[in-house]
Amino acid sequence: MNCIAVELSGKVLGRCCLRKFLPRLFMLVLCFGVLAQPGMAWAEKYALLVGVGEYNHSSINNLDGPKYDVEVLSQTLQQYFGYSKEKILPLVDKAATRQAILAALNRLAETTRPGDSLLFYYSGHGTSSFDDEGNHNNFLGLPPDTGVILPVDFRPGSVKNILDSLIIGSRDLRPIIQRIDADRDVVEIFDSCFSGKTHRSIMKKGYGTARFANLNDLTGDAAPAGHGSGMVQAAKSQGDGYPYRRLIALSAATEREKALDITWADIRSGAKTFDGKPHGAFTDALLRGMQGAADNVRDNRLSLTELFQYVEQQVSTVSRQRPQMHKPPALSGHEPLFAMQGTGHKPQATWMSEETKPLSLDARLIPVETQTALQSITGVQLVPDSADMTISKEDAQFALYLNNGSLLCRLDSEQELLTRISRQLALKKLAAIGIRPKSYNLLLQIAGDTGGLVEGESVGVDLTAEQAGYLLLININTAGAVNILYPVDPNELPARKTIAMPDLGVVSAPHFGTEMMVAIAFRTEPPFWRDLPAMRSRGELDDIPPTAPLLENILKAVDSKAFAAGTSVSIRTVAKGDIMN
């Protein structure tokens, strides 16, 4: 079966997060403790919101966003989710010392009661055992899956000074969180930078400031003897299982990515946030979603799935980072996360504008004659800024980049470029299915919690629906061709709630770039459904051109009452030679 040469590229822009933050030591994550306890009308909601943008030490660059992150999140909690102002404690800049943060957490662990909920948010600099180029440097003695945040009074100097002034997940946060997690719900949002193995920058594009502090340059000391081995031992002793009972986690990015921070300078240069103030791309999407935009089922409730899928799709349009989700195995992710209160705004019909608006291209980096040829394609518009895609001429090839700076594909000739753009126009409606209003939640995840796959790695997906439906899984490859990945045979035709496809294929040369997975759930059997097995046996479900009759029939079914839900996720692939070791 022709499936996924999984093509993406990954440049790192801004903030970074380490994947195994909560499950083992501490990860830059957004964690949601779900579900208020039934019958506990007296349960209270608390929030500790920490933002550090102005650091005491001049060696740490200041950040624009944290104080606005805290300010708007506090307003959102009060306006949309019924939090009392008296139960929201903001610690911003000078107030956000190491002692104050840990003391506030300990106080909440002691004074809150079973059934209460706690939101703990941090916005600011982070670090890890990786340097800012993604190279593992264990000079602090931290294992590679340890996350660290920097309070305002962080002190460079000796290794001892650094370690004593950091907030380290395994050492400082996990013991407190586990006490709360025993009988209370916890929401943890960490929007800061942790470095992982980052993809080499293929194109200098975009905006953003890293919320990552490379501590290698701030001390010449060697790590204390035995410190590193002790930390690794502590991590391994916890095992690989998820250590929390109630906590649900969403991370801002994967272990190979940095996350984007949108600054005042970026905004003056044309970058957009939902309120015109600096925010991280992750927090900006989170706030939009919490204020109603993620309620795609339109029932005035937010499930984890709704919020996660919305944030992931929004972030992917401006940054190469991929938010991640972690939850206890007992939860499906479709349970209500928040009940909207007050006047929330409803999602707009953005999918319709995506289908009908011109495909905008920034073509300033290619020959004039090729620009003229592109302009002759109906539905294409050449613009200098904020384009859907950017085209450049590199080493006799045309390189096509998405608006988040990720490589879509490389093409050998002008004719191949024109064909690819024409296919992109034909695929717009299929790609927009993920932002259509849904009847129920549908969650599509790339196995392995990865935002980019390296040559030789395997590809797998998991799909879960809130209700049983006729599930269809589609891949759009870098050539703009479509592959139907599921169903494969007649035994898979009945309505289902879950699909696990752990081994779709292996990332292989030469086609690297960005592919898209689209999942669709139909509530009733669509007209083309029974034809799929025979088409599979004839090889007609691989490399389908965008104008094929089957795709037209799928889109007709999407526009009918049979459609229940749709979602999409991109996959970036990169050659081994484009990874910095």
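Bear in mind the structure is a predicted one, so any value in this text is a computation, not a measurement. (Residues numbered from 1 in each chain as written. Predicted model: local features only at pLDDT ≥ 70, side-chain atom pairs only at ≥ 80, totals over all residues. Heavy atoms only, no water.)

> Give me the lowdown on the overall build of the chain, citing residues and values where you can.
Each helix and strand in the chain was counted, giving 14 helices and 28 strands. In the chain, 79% of the contacts between residues at least 6 apart in sequence involve partners at least 24 apart. Taken as a whole, the chain presents about 21,900 Å² of accessible surface, with 50% of it coming from carbon and sulfur. (Helix = DSSP H or I, 4+ residues; strand = E, 2+ residues; numbered from the N terminus. Contact = heavy atoms within 4.5 Å. Areas by Shrake-Rupley, 256 points an atom, 1.4 Å probe, with all protein chains shown as cover.)

> Residues and numbers for the sheet that holds strand β6 (residues 126-127), please.
The antiparallel open sheet is built from three strands, whose spatial order is β6-β7-β8. If you trace the sheet from one side to the other, it starts and ends with β6 and β8 (167-168), each paired once. The sheet contact formed by strand β7 (residues 148-149) and β8 spans two bridges and is antiparallel. Directly across from valine 148, in β8, lies its bridge partner isoleucine 168. (Pairing = 2+ DSSP bridges.)

> Give me the lowdown on the environment of lysine 393, citing residues and values where you can.
Mapped onto the elements of the fold, lysine 393 is located in strand β19 (residues 389-394). Sequence spacing of lysine 393 and aspartate 412 is 19 residues, and the spatial spacing of their C-alpha atoms is 10.0 Å. In this view, lysine 393 contacts Leu365, Ile366 and Phe398; residues no more than four positions away in its chain are not counted.

> Give a detailed account of helix α14 (residues 549-558), specifying residues and quantitative values.
Residues Leu550, Leu551, Ile554, Leu555, Ala557 and Val558 constitute the buried set of α14. Buried residues in α14, looked at end-on, bunch into an arc of 155 degrees, giving them a common side. Exposed residues lying more than 90 degrees from the buried face of α14 are Pro549 and Lys556. If you follow the buried residues of α14, they end up packed against α12 (428-431), β24 (458-476), β25 (482-486), β27 (514-522), α13 (532-537) and β28 (563-574). (Buried < 20%, exposed > 50% of the residue type's maximum accessible area, 1.4 Å probe, protein only. Arc of directions from axis to C-beta.)

> I'd love a proper account of the pattern of salt bridges, names of residues and values included.
Within this structure, the stated rule accounts for 16 salt bridges. A salt bridge links arginine 530 to glutamate 525; the shortest N-O distance between them is 3.2 Å. Among the salt bridges present, the one from aspartate 542 reaches arginine 536, with a minimum N-O distance of 3.7 Å. Take aspartate 542: its relative accessible area is 22%, and that puts it in the partly exposed class. The exposure class assigned to arginine 536 is buried, which follows from its relative accessible area of 15%. (Salt bridge = Lys/Arg side-chain N within 4 Å of Asp/Glu carboxyl O.)

> Any chance you could break down the environment of isoleucine 520 for me, citing the residues and the numbers?
Looking at where isoleucine 520 falls in the secondary structure, it is placed in strand β27. Sequence separation of isoleucine 520 and alanine 564 is 44 residues, and the distance between their C-alpha atoms is 7.7 Å. When sequence neighbours within four positions are dropped, the list of residues in contact with isoleucine 520 reads Ile433, Leu442, Tyr470, Leu471, Leu472, Ile474, Ile554, Val558, Phe563, Ala565 and Gly566.

> Got a sec to walk through helix α7 (residues 281-293)? Specific residues and values, please.
A rise of 1.5 Å per residue sets the reference length of α7, with its 13 residues, at 18 Å; its end C-alpha atoms lie only 15 Å apart and thus fall more than 12% short of the reference. The buried fraction of α7 amounts to twelve of the 13 residues, a majority that puts the element mostly inside the structure. Taken together, the buried positions of α7 are occupied by Ala281, Phe282, Thr283, Asp284, Ala285, Leu286, Leu287, Gly289, Met290, Gln291, Gly292 and Ala293. (Expected span 1.5 Å × (residues − 1).)

> Tell me what's going on with the nonpolar core, and back it up with residues and numbers.
The biggest cluster of nonpolar side chains holds 38 residues, and the ones touching the most others in it are Leu48, Val50, Phe120 and Tyr122. Secondary-structure elements contributing two or more residues to this core are β3 (45-51), α2 (98-111), β5 (117-124), β7, α3 (159-165), β8, α4 (169-181) and β9 (185-192). In terms of residue count, the dominant contributor to this core is α2 (six residues). In terms of nonpolar packing, the next biggest core, distinct from the first, is built from 36 residues, Val70, Tyr80, Ala293 and Leu331 among them. (Core = buried A, V, L, I, M, F, W, Y, C linked by side-chain atoms within 4.5 Å.)

> Quick rundown of the packing of helix α10 (residues 368-375) against helix α11 (residues 414-426)? Include the residues and the values.
Two elements in contact, α10 and α11, have axes separated by 10 Å at closest approach and are oriented at 30 degrees. When the axes of α10 and α11 are compared, the pair comes out roughly parallel. In this structure, α10 meets α11 at a crossing whose hand is right-handed. Residues Glu369, Thr370, Ala373 and Leu374 of α10 form the contact with α11, whose participating residues are Glu414, Leu417, Leu418 and Ile421. (Axes fitted to C-alpha atoms, helices over the stretch in contact; angles between N-to-C directions. Parallel < 35°, antiparallel > 145°, perpendicular 65-115°, else oblique. Left-handed = near helix turned anticlockwise from the far one by under 90°.)

> Got a sec to walk through the sheet that holds strand β18 (residues 380-382)? Specific residues and values, please.
Backbone hydrogen bonds hold the strands of a sheet together, and the pairing may be parallel or antiparallel. Ordered by their spatial adjacency, five strands build an open sheet running β18-β17-β19-β20-β21, and the pairing between neighbours is mixed. Edge positions in the sheet fall to β18 and β21 (407-411), since each has one partner strand and no second. With strand direction ignored, the average angle separating the axes of adjacent strands in the sheet is 25 degrees. Inspection of the sheet shows strand β17 (residues 359-365) paired to β18 by three bridges, in the parallel sense. The residue of β18 that forms the bridge with leucine 361 is leucine 382. Here α11 sits on the sheet in contact with β17, β18, β19, β20 (397-402) and β21, set at roughly 145 degrees to β21.

> Can you explain the confidence of the model for the chain? Please cite residues and give values.
Mean pLDDT over the chain stands at 78; residues scoring 70 or higher make up 76%. Here helix α5 (residues 227-237) is the element of the chain with the lowest mean pLDDT, 30, and strand β4 (residues 88-92) is the one with the highest, 97. Segment residues 195-205: pLDDT under 50, and 54 contacts once partners within four positions in sequence are set aside and those in other chains are kept. Low pLDDT (under 50) marks residues 221-240, which in the prediction has 23 contacts with non-local residues, meaning those over four places away or in another chain. (pLDDT = per-residue confidence, 0-100.)

> Summarise the pairing of β25; cite the residues concerned and give the values.
Along a regular strand, successive side chains alternate from one face of the sheet to the other. Judged by how many residues are buried, β25 sits mostly within the fold: five of five residues are covered. With four bridges connecting them, β24 and β25 associate as antiparallel partners. Among the inter-strand pairings, leucine 473 is bridged to a residue of β25, identified as tyrosine 486. Counted between consecutive antiparallel strands, the loop separating β24 from β25 contains five residues, among which glycine 480 sits at a positive phi close to 80 degrees.

> I'd like a rundown of the packing of aromatic side chains, residues and numbers included.
One pass over the structure, following the stated rule, counts six aromatic pairs. Residues tyrosine 68 and tryptophan 264 carry aromatic rings whose centres are separated by 5.8 Å and whose planes lie at 85 degrees to one another, so their mutual orientation is edge-to-face. Linking tyrosine 68 in helix α1 (residues 66-81) with tryptophan 264 in helix α6 (residues 264-268), this pair joins segments that are 196 residues apart in sequence. Using a relative accessible area of 15% as the deciding quantity, one classes tyrosine 68 as buried. A relative accessible area of 30% places tryptophan 264 in the partly exposed class. With 5.1 Å between their ring centres and 90 degrees between their planes, phenylalanine 120 and phenylalanine 190 make a pair best called edge-to-face. Of this pair, phenylalanine 120 sits in strand β5 while phenylalanine 190 sits in strand β9; the two residues are 70 residues apart in sequence, bridging distant segments of the chain. Side by side, phenylalanine 120 and phenylalanine 190 carry an identical accessibility label, which is buried. In this structure an aromatic cluster arises from ring pairing among Tyr470, Phe522, Phe528 and Trp529. The aromatic ring of phenylalanine 398 is capped on one face by lysine 393, whose charged end is 4.8 Å from the ring centroid. (Phe/Tyr/Trp six-rings, centres within 6.5 Å; stacked < 30°, edge-to-face > 60°. Lys NZ or Arg CZ within 6 Å of the ring centre and 35° of its normal.)

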